[in-house]
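# Results of the structural survey
Each chain, letter by letter, is given below.
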Amino acid sequence: MRKWAAILILSALPLQVPAQNPAACSEAQFCPLDPPEPVFGSSTILAGCWTSRELQGSAADKKIRRTAVNTKPPSRQMPKNFLPPLSPELQNSIRQVHPASGKKVAALTFDLCERANEITGYDYRVVNYLRQNKIKATFFASGKWMRDHPEQTMQLMADPLFELGNHAWTHDDLRIDQGIKMEDQILWTQAQYELLREQLQARPCVAKAGESELAKIPKLPLVFRFPYGVCSPEALAYLAQIGLPAIQWNIVTADPAQNRTAAAIAREVLKKISPGSIIIAHANGLGHGTSQSLPLFIPSLKKMGYEFVTVSELLTSGPALAAKDCYELKPGDNHGYDKIYGKQPK
Ligand SMILES: [Zn+2]
């Protein structure tokens, strides 16, 4: 009896998805976008809207601050744009890609995590190294991080080297959050990105660059990373419906560990690298040794013939190696996070 009641309640929950019927779509606010092109920004907009000094950042940007709990949603909670649903091969937790003919491509990813009770930083040294050496990378930002760092978010979304992905609103444990609570963590972040893209669009520097340059900046984040790398079948199914592939990793820099060194990170990456690898690190000030490790392994990987691509580009290079569960390195190895973070303020 109780089981039936639960099923009825679940089926009655409004799933927040776009209209699937094109006729309804002309009226509805939520319409799937055309499949996106893997273009991630405009050098004209980047150079026209910020000076090189402004792009460089400073040591103060890296600071992490504890704050009172802030669960205030973004000023838009439902994104105007939606992506088409995912094809079946992209519907699980993607750990790596098998590039066609073993092509040596790899994706560097940097998380910009931010919980409800903190304002995290921006590791300008990571971004500066990547810009100076023209290395492509993907940043996964919490929506609240985007709201608290509007200039840096707009700079990252405008930079053609970088893809900006979704890392949930306040970095909730999405193995614990269910239903609307889980969906909002994802949707609010999509909506916050849209708001900042519109804010950028309204600037004279963008008008000067023209429509065709603005069109190079994606209308939405195209990829998602689960906070703590933990997921549920429900959350994976929801992401599939709203067109966001869940991007896990196969190489862990372990840079949140206080005693982590640049040399140890470089050793780990060079030991584990294989074509189609996805490397996880942090750029919110939480990483230890992260920026210093980049010159220790990136030139070596280039010498080995590796090319760095954004995650969305990596996904087009060959079939994804995906798992039904989300884990760090072995199935179940990150469930301990549920106890630590499952009950934090939402
Ligand atoms: Zn994170």
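Notes on the structure in this doc start here.

Definitions and limits used
- Residues numbered from 1 in each chain as written.
- Predicted model: local features only at pLDDT ≥ 70, side-chain atom pairs only at ≥ 80, totals over all residues.
- Axes fitted to C-alpha atoms, helices over the stretch in contact; angles between N-to-C directions.
- Helix = DSSP H or I, 4+ residues; strand = E, 2+ residues; numbered from the N terminus.
- Left-handed = near helix turned anticlockwise from the far one by under 90°.
- Contact = placed C-beta atoms within 7 Å.
- Nonpolar A, V, L, I, M, F, W, Y, C, P; charged D, E, K, R; others polar.
- Buried ≥ 20, exposed ≤ 12 C-beta atoms within 10 Å, placed from the backbone.
- Expected span 1.5 Å × (residues − 1).
- Bend = angle between axes of the 7 residues up to and from the residue.
- Core = buried A, V, L, I, M, F, W, Y, C linked by C-beta atoms within 7 Å.
- Pairing = 2+ DSSP bridges.

### So, the packing of helix H12 (residues 262-272) against helix H13 (residues 290-303)
- Viewed as axis vectors pointing N to C, H12 and H13 meet at an angle of 35°, and their least axial separation amounts to 8 Å. Between H12 and H13 lies a crossing whose hand is right-handed. Contacts between H12 and H13 involve Ala262, Ala263, Ile265, Ala266, Val269 and Leu270 from the first element and Thr290, Gln292, Ser293, Leu296, Phe297 and Ser300 from the second.
- Looking at side-chain class alone, the contact of H12 with H13 contains eight nonpolar, four polar and no charged residues.

### Overview of the environment of aspartate 325
- Of note, aspartate 325 is situated in the loop between strand S13 (320-323) and helix H15 (337-341).
- The exposure class assigned to aspartate 325 is partly exposed, which follows from the 17 C-beta atoms found within 10 Å.
- With 95 residues separating them in the primary sequence, aspartate 325 and valine 230 have C-alpha atoms 8.2 Å apart.
- Setting aside its immediate chain neighbours within four residues, aspartate 325 contacts Ser93 and Pro331.

### As for helix H8 (residues 179-201)
- Between its terminal C-alpha atoms H8 stretches 33 Å, which fits the 33 Å expected from 23 residues at 1.5 Å a residue.
- If you look at H8, its biggest bend is around 25°, right at glutamine 185.

### Considering the nonpolar core
- Counting residues in hydrophobic clusters, the biggest one holds 85 residues, and the most contacted among them are Phe139, Leu239, Ala246 and Ile279.
- Ranked by residues supplied to this core, first place goes to H8 with eight residues.

### Some points on the sheet that holds S13
- Spatially, three strands are ordered S9-S4-S13 in an open sheet, and the strand pairing comes out mixed. Of all the strands in the sheet, the pair left with one neighbour each is strand S9 (246-247) and S13.
- In the sheet, strand S4 (residues 93-97) pairs with S13 via four bridges, with the strands oriented antiparallel. Paired with isoleucine 94 across the two strands is alanine 322, which belongs to S13.

### Brief notes about helix H7 (residues 150-158)
- The buried count for H7 comes to seven of nine residues, which makes it a mostly enclosed element.
- When we look at burial in H7, the residues that qualify are Gln152, Thr153, Met154, Gln155, Leu156, Met157 and Ala158.

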